[in-house]
Number of protein chains: 2
Amino acid sequence: MTVEKNRRILLRSRPVGLPKSSDYEMVEEEVPEPGPGQIVIRNKFISLDPAIRGWMDESEDSYLPPIKLGEAVKAVTVGEVVKTANPAYAEGDLVMGIHGWEDYSVSQGESQSTKIAADTGVSPSLFLGVLGSTGLTAYFGLLDVGRPNAGEVVLVSGAAGAVGSIVGQIAKIKGCKAYGIAGSKKKIRWITEELGFDGAINYKTCGDMTEAIRAMCPDGVDIYFDNVGGEILDAALMNLRERARIVMCGAISTYNVKEPQPGPYNLWQLLVKSARIEGFLIRNYADRFPEGAVQMAEWINQGRIKYKEEIIDGLENAPDAFLKLFTGENEGKLVIRP
Amino acid sequence: MTVEKNRRILLRSRPVGLPKSSDYEMVEEEVPEPGPGQIVIRNKFISLDPAIRGWMDESEDSYLPPIKLGEAVKAVTVGEVVKTANPAYAEGDLVMGIHGWEDYSVSQGESQSTKIAADTGVSPSLFLGVLGSTGLTAYFGLLDVGRPNAGEVVLVSGAAGAVGSIVGQIAKIKGCKAYGIAGSKKKIRWITEELGFDGAINYKTCGDMTEAIRAMCPDGVDIYFDNVGGEILDAALMNLRERARIVMCGAISTYNVKEPQPGPYNLWQLLVKSARIEGFLIRNYADRFPEGAVQMAEWINQGRIKYKEEIIDGLENAPDAFLKLFTGENEGKLVIRP
C-alpha cells in the first residue's frame, strides 16, 4: 500500500472527561522530510493506552509534557524508517517510540525511537504488548525479582490481565506450579483451560480469601506476584512459605488516593517466614528489553506463551477505539494499524 | 573456688505478675552424676532474660514447655563440662544451652547443650549477649539480609539497644555511614560519642520523623534496620534510596496485640524505589553462629565493637536481679555469675 499523503489526527481541544470527536481533527499533509539528525517513520502499529488520556490534559503531572493543541495525539508506535538524515538509522529499520496518531512521524532519532529486532518471527505489533513493557513487566518481575525455582508455587493476582496472564505462563515454563486470582468465571476458565494455570480463585465469590488460597495452595506460596495490593495481599501474606518472595508490581492505584491507605495488616508474616516484599519499576530494565523480547518471542513461536491482541484497521478508527479502554470493551492489547 | 554442693533455685509457685521471693526456694543438693548420654555442667554464667517470666507460667504459649513446680528455674547458661557420660563431650568443654539457676546442671547432651569456642580471647559470658543471639541478630541481619556496601547509609531504630547498637558499629566497620534513632539524650550521646554513629535522632523530641530523617540523611537511606515498626518504619520508607533494603527484625510486639495493626502507609515507596523489606528469624542462622561469634570476638578484641554487660555475682541474687529487667534498671546484658 502506498500512502502519498500523511493523515494525522490532531488534538484540537482539551477533553473534559472522555474525549469527543470534536476534540480531534483529521488532516492530510505532505509526507514530511527529515531535518538534520531526524528520521521519518511510517507507523505500522499504534498502541492505544489509558496514559494517552493523561497526556491530553494541560497538567504536567504525568511523565511526559502534555500534547499541545494542534499537535498529533501522542502514542507509542512501531514503525519502519522510510527516510533518514541520521547515520544511526537505515531505511527499513524497525523502530519503536512515542510518535503519534499519524501515518508518518518525524522523530528526533536516538532520544525518541529505539531500534527493535526485525527477525523475531512474530508480528512487530507485539512489541506494543507482550514483547513490550507489559509482557516484560511479567518477565523481569517474575524472573529477576521473584527468582523462581522449579517446583515452587507461584500465585498471581490480576491473573487474567496483560501482566498476570504472562506471569503464570512463564512460571509454568520455569517448572513452577501457577495459581491465579481473577474476577470472573470467564477469566478463570481462560487462564486454567487455555493458559495452563494449575488453579484459580474468583475473588468475588470465593468467600474468605485467606482460606481460599490455603485450600488451593495447601503447602503455601513461594512467590506472590502482586498486581493489586489491599486485602488480597494480606491474604497472600498469611499463606507464605519460608523464604517466600512477594513481587510488588501493582498498587500504583494508591497514587491517586487522597486518604493515606494503611499497608497490609499481616506484614509481620515476613518476619515469621523470613520472607520479603520487593518493588520494581519496569523502566529500570530498559537496557534489558532486547534480551527479554528475544526470549519472549521464542516462547511465543514455540506456542508456550499465549496473549490477547485486538488489531483495528484504519487510522480514522483510533478515536472510537480509544474509548474502549475506558468502557472495558477491549479484549487484550488494543492496537491500530493505520 | 570449689563448690561441693549444688545450690539450686527452684520454682515453688507460679507467680502472679512479677515473681516474689516466696515463689522460689533455694536448696542445696549433692553435685549430680550424669546418666547414660548425659553430661554435668558447672554453670559459669547465667543469662537473665524476660522470656524466663513466660516459662514460669502454666501456659504453653511460648517456645518451651513451662518450668514444672519444684524444678530449677530455666535459663540459658554458659558452663564447663565437669563430668561426662557422652563421648561427644570431654571434661573442660565449654557449652551453652538452656540449663538452670543452679551451680550444676544435668544436660541431655547434643539436644540441649552446644559446644562453644574456648579460644575467642573474650569472656565466655559474651556468648549470652554480644556473641549470642542478640549480637548475632545484628550481625546476620545487617550482613546477610541488608548486605551493606561501603559508602552506603545505614539507619537503625532502637539504636541504643542490644541489637541496634551492634548494627551501627558493624555498619561502620563495613565502611558505611551509621545513623540511629533512640529515645533519650543519654542514649544518643552514647551511640554518637562512644560507639561512633555518624548521627542520631531522639524520636521523642525530633518533631516530624520523616523530616528529621531527611535532615540527618539528605541523600536517603540504603539500609533501614527496623527494630520497632510503626511510625518510624513509615518515616524511613519516605527516605529510601533506590534499591534500598529494610531489614525487619522487630515488630514482634504485634504478636501480643489483640486488634490487628495496619502495616505501613508508605509501603508503595518500595515500588517507586525498587526497594525491599525482608524479615528474618535468628534461629534460622543457628548453624552459622560459630562463624558469627568468631568474627564478632575478633572485632571485640580489636576494640571495634563495644557492648554493655552487667555481671552480678552470687546465684542467690538471681531473683532480685531478674526483676531489674522489668523495671528497666539494668544497663546492658544482665548476667549472673553463680
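Just so it is clear, the model here is predicted, and its values are computed rather than measured.

The next thing to look at is the pairing of strand β3 (residues 39–47) of chain B. Residue and element names in this part refer to chain B. A large share of β3 lies buried, amounting to 8 of its 9 residues. Bridging between β3 and strand β4 (residues 74–84) involves 7 bridges; their strand directions are antiparallel. Its bridge partner being in β4, phenylalanine 45 is matched across the sheet by valine 78. Taken together, the 4 bridges between β3 and strand β6 (residues 104–107) define a ladder with antiparallel strand orientation. Along β6, the bridge assignment pairs isoleucine 41 with serine 105. Where β3 meets strand β15 (residues 333–337), 2 bridges bridge the pair, whose relative direction is antiparallel. In the sheet register, isoleucine 46 faces β15, and the bridge partner there is isoleucine 336.

Attention shifts here to unusual backbone geometry. Positive phi is not limited to glycine here, since Arg147(A) has a value of about 50°. In this fold, Arg147(A) is placed in the loop between α2 (133–146) and β8 (153–157).

The next thing to look at is a positive patch on the surface. On the surface, a cluster of positive charge is made up of Arg147(A), Arg243(A), Arg147(B) and Arg243(B). Inspection of the secondary structure puts Arg243(B) in strand β12 (residues 240–248). By relative accessible area, which is 45% here, Arg243(B) ends up partly exposed.

Core analysis: the largest hydrophobic core is formed by 54 residues, its most contacted members being Leu155(A), Leu270(A), Leu155(B) and Leu270(B). With residues up to four places along the chain from it excluded, the contact list for Leu270(B) reads Met248(A), Ile277(A), Gly279(A), Phe280(A), Leu237(B), Leu240(B), Ala275(B), Arg276(B) and Ile277(B).

With that settled, the discussion passes to the pattern of salt bridges. Taken as a whole, this structure holds 44 salt bridges over all chains when the rule is applied. When the shortest N-O distance is used, the salt bridge between Arg8(B) and Glu102(B) registers 2.7 Å. In this pair, Arg8(B) is assigned in strand β1 (residues 5–11) and Glu102(B) in the loop between β5 (94–100) and β6, connecting sequence segments 94 residues apart. Because the salt bridges share partners, they merge into one network encompassing Arg7(A), Arg42(A), Asp103(A) and Glu316(A).

Turning to the packing of aromatic side chains, a few remarks are in order. Describing an aromatic ring pair means giving the distance of the ring centres and the angle of the ring planes. All names here are of chain A. Counted according to the given criterion, the structure contains 14 aromatic pairs over all chains. With centroids separated by 4.9 Å and ring planes inclined at 15°, the aromatic side chains of phenylalanine 140 and tyrosine 285 adopt a geometry described as stacked. Of this pair, phenylalanine 140 sits in helix α2 while tyrosine 285 is found in the loop between β13 (276–279) and α8 (289–301), placing the two residues 145 residues apart along the sequence. With a relative accessible area of 6%, tyrosine 285 lands in the buried category. On the basis of an interplanar angle of 80° and a centroid distance of 6.1 Å, the ring pair of phenylalanine 280 and tyrosine 285 is categorised as edge-to-face.

This brings us to the environment of Glu291(B). Residues and elements named next belong to chain B. Residue position: glutamate 291 is located in helix α8 (residues 289–301). Classification of glutamate 291 as partly exposed rests on a relative accessible area of 40%. Considered as a pair, glutamate 291 and leucine 136 are 155 residues apart in the sequence and their alpha carbons are 9.9 Å apart.

In this section: helix α5 (residues 209–216) of chain A. All names here are of chain A. Residues of α5 that are buried include every one of Met209, Thr210, Ala212, Ile213 and Met216, and no others. Seen end-on, α5 carries its buried residues on one side only, within an arc spanning 165°. With a side-chain oxygen positioned 3.0 Å from the backbone nitrogen of threonine 210, the residue opening α5 is aspartate 208.

Turning our eyes to something else, we now look at the relation of the copies chain A and chain B. With an RMSD of 0.1 Å, chain A superimposes on chain B once it is rotated by 180° and translated 0.1 Å along the axis. Taken together, the rotation and translation describe the operation of a two-fold axis. In terms of C-alpha distance to the rotation axis, chain A has Gly263(A) as its closest residue, with the C-alpha 2.0 Å off the axis.

Our focus in this paragraph is the interface of chain A and chain B. Opposite the 29 residues of chain A that make contact, chain B presents 29 residues. Of the roughly 2500 Å² buried at the junction of chain A and chain B (both faces included), carbon and sulfur atoms supply 63%. Counting the contacts that link chain A with chain B gives 0 salt bridges. Joining chain A to chain B, the criterion identifies 8 residue pairs in polar contact (both at pLDDT 80 or more).

Here the focus is the state of the cysteines. Residues and elements named next belong to chain B. Under the criterion given, the structure shown has 0 disulfides over all chains. Cysteine cysteine 206 shares no disulfide, and the gap to the nearest cysteine sulfur, in cysteine 217, comes to 12 Å. Classification of cysteine 206 by relative accessible area gives partly exposed; the value is 24%. Take cysteine 249: it sits in no disulfide, and the sulfur closest to it among the cysteines is that of cysteine 176, at 17 Å.

Residue and element names in this part refer to chain B. Where helix α2 (residues 133–146) contacts α8, the two axes come as close as 10 Å, and the packing angle between them is 95°. Relative to α8, the element α2 lies roughly perpendicular. Every residue of α8 that contacts α2 at Ser133, Gly135, Leu136, Tyr139 and Phe140 is listed here: Phe289, Glu291, Gly292, Ala293, Gln295, Met296 and Trp299. For the contact of α2 with α8, the class distribution of residues is 7 nonpolar, 4 polar and 1 charged.

This part takes up the domain arrangement of chain A. Residues and elements named next belong to chain A. Domain boundaries assigned for chain A yield domain 1 (5–129 + 307–337) and domain 2 (133–283). Look at where the C-alpha atoms of domain 1 and domain 2 centre, and you get two points 32 Å apart. Contact residues are listed per partner, giving 4 residues for domain 1 and 6 residues for domain 2. Between domain 1 and domain 2, roughly 460 Å² of surface is buried when both sides are summed, and carbon and sulfur atoms account for 42% of that area.

Residues and elements named next belong to chain A. Looking at chain direction, strand β9 (residues 177–182) and strand β10 (residues 199–202) are connected through 4 bridges and run parallel. In the strand pairing of β10, isoleucine 181 is matched with isoleucine 201. In this view, the connection linking β9 to its parallel neighbour β10 by way of helix α4 (residues 185–194) has right-handed handedness.

Moving on to α4(A). Residue and element names in this part refer to chain A. Along α4, the residues that are buried comprise Ile188, Trp190 and Ile191. Across the axial projection of α4, the buried residues extend over an arc of 160°, all falling on one side. Seen from the buried face of α4, the exposed residues on the opposite side, beyond 90 degrees, are Lys185, Lys186 and Glu193. Check the buried side of α4 and you find it contacts α3 (164–173), β9 and β10.

Analysis parameters
Residue numbering note: each chain is counted from 1, following its sequence as written. A letter from A marks each chain and a number from 1 marks each ligand, given out in the order of writing. It should be noted that, the model being predicted, local features are given only for residues of pLDDT at least 70 and side-chain atom pairs only at 80 or more, the latter also being counted only at that level, while totals for whole chains, interfaces and linings use all residues. Only hydrogens and water are removed before side-chain values are computed, so all heavy atoms of the structure are retained for them. The cut-offs for exposure are 20% and 50% of the maximum accessible area for each residue type, with area from a 1.4 Å probe on protein chains only; residues under the lower value are buried, those over the upper are exposed, and the others partly exposed. The secondary structure listing takes helices from DSSP runs of H or I that are at least 4 residues long and strands from runs of E that are at least 2 residues long, numbered from the N terminus. Two strands are said to pair when DSSP picks up at least two bridges between them. Like-charged residues within 9 Å of one another, or nonpolar side chains (Val, Leu, Ile, Met, Phe, Trp, Tyr) within 5 Å, are grouped into patches, provided each residue has over 30% relative accessible area and no salt bridge. In short, Shrake-Rupley with a 1.4 Å probe defines the accessible areas, and a residue's cover is counted only from the protein chains shown. Within this document, salt bridges are pairs made up of a side-chain nitrogen of Lys or Arg and a carboxyl oxygen of Asp or Glu, the two lying within 4 Å of each other. In this charge count, Lys and Arg are treated as positive and Asp and Glu as negative; neither His nor the chain ends contribute. To locate a charge, the coordinates of NZ of Lys, CZ of Arg, CG of Asp or CD of Glu are taken. Buried Ala, Val, Leu, Ile, Met, Phe, Trp, Tyr and Cys residues form a nonpolar core when they are joined through side-chain atoms within 4.5 Å. Contact definition: two residues touch when any of their heavy atoms are within 4.5 Å. Classification of ring pairs rests on two measures: the distance between centres of Phe, Tyr or Trp rings, Trp counted by its six-membered ring, which must be within 6.5 Å, and the angle between planes, read as stacked under 30 degrees, edge-to-face over 60 and tilted in between. The directions from the helix axis to the C-beta atoms are what the arc is built from. Whenever two N or O atoms come within 3.5 Å, that pair is a polar contact, provided that in protein one can donate a hydrogen and the other can accept it, and provided that, for residues adjacent in sequence, both atoms are side-chain atoms. For this overlay, a least-squares fit was computed on C-alpha atoms, restricted to residues scoring pLDDT of at least 70 in both copies. Once two parts are joined, some of their accessible surface, as seen by a 1.4 Å probe, is lost; buried area is that loss totalled over both. In this description, the term disulfide denotes a pair of cysteine sulfurs within 2.5 Å. Here the axes come from fitting lines to C-alpha atoms, over the contacting stretch only for helices, and the angles between their N-to-C directions go from 0 to 180 degrees. Each angle is binned into one of four classes, with values under 35 degrees roughly parallel, values over 145 roughly antiparallel, values of 65 to 115 roughly perpendicular, and all other values oblique. Throughout this entry, Asp, Glu, Lys and Arg are counted as charged residues, while Ala, Val, Leu, Ile, Met, Phe, Trp, Tyr, Cys and Pro are counted as nonpolar. The remaining residues, Gly among them, count as polar. The split into domains, and so the bounds of each, comes from an automatic or database assignment of domains. Look down the strands so they point away from you; if the path from the first strand over the helix to the second goes clockwise, the crossover is right-handed.

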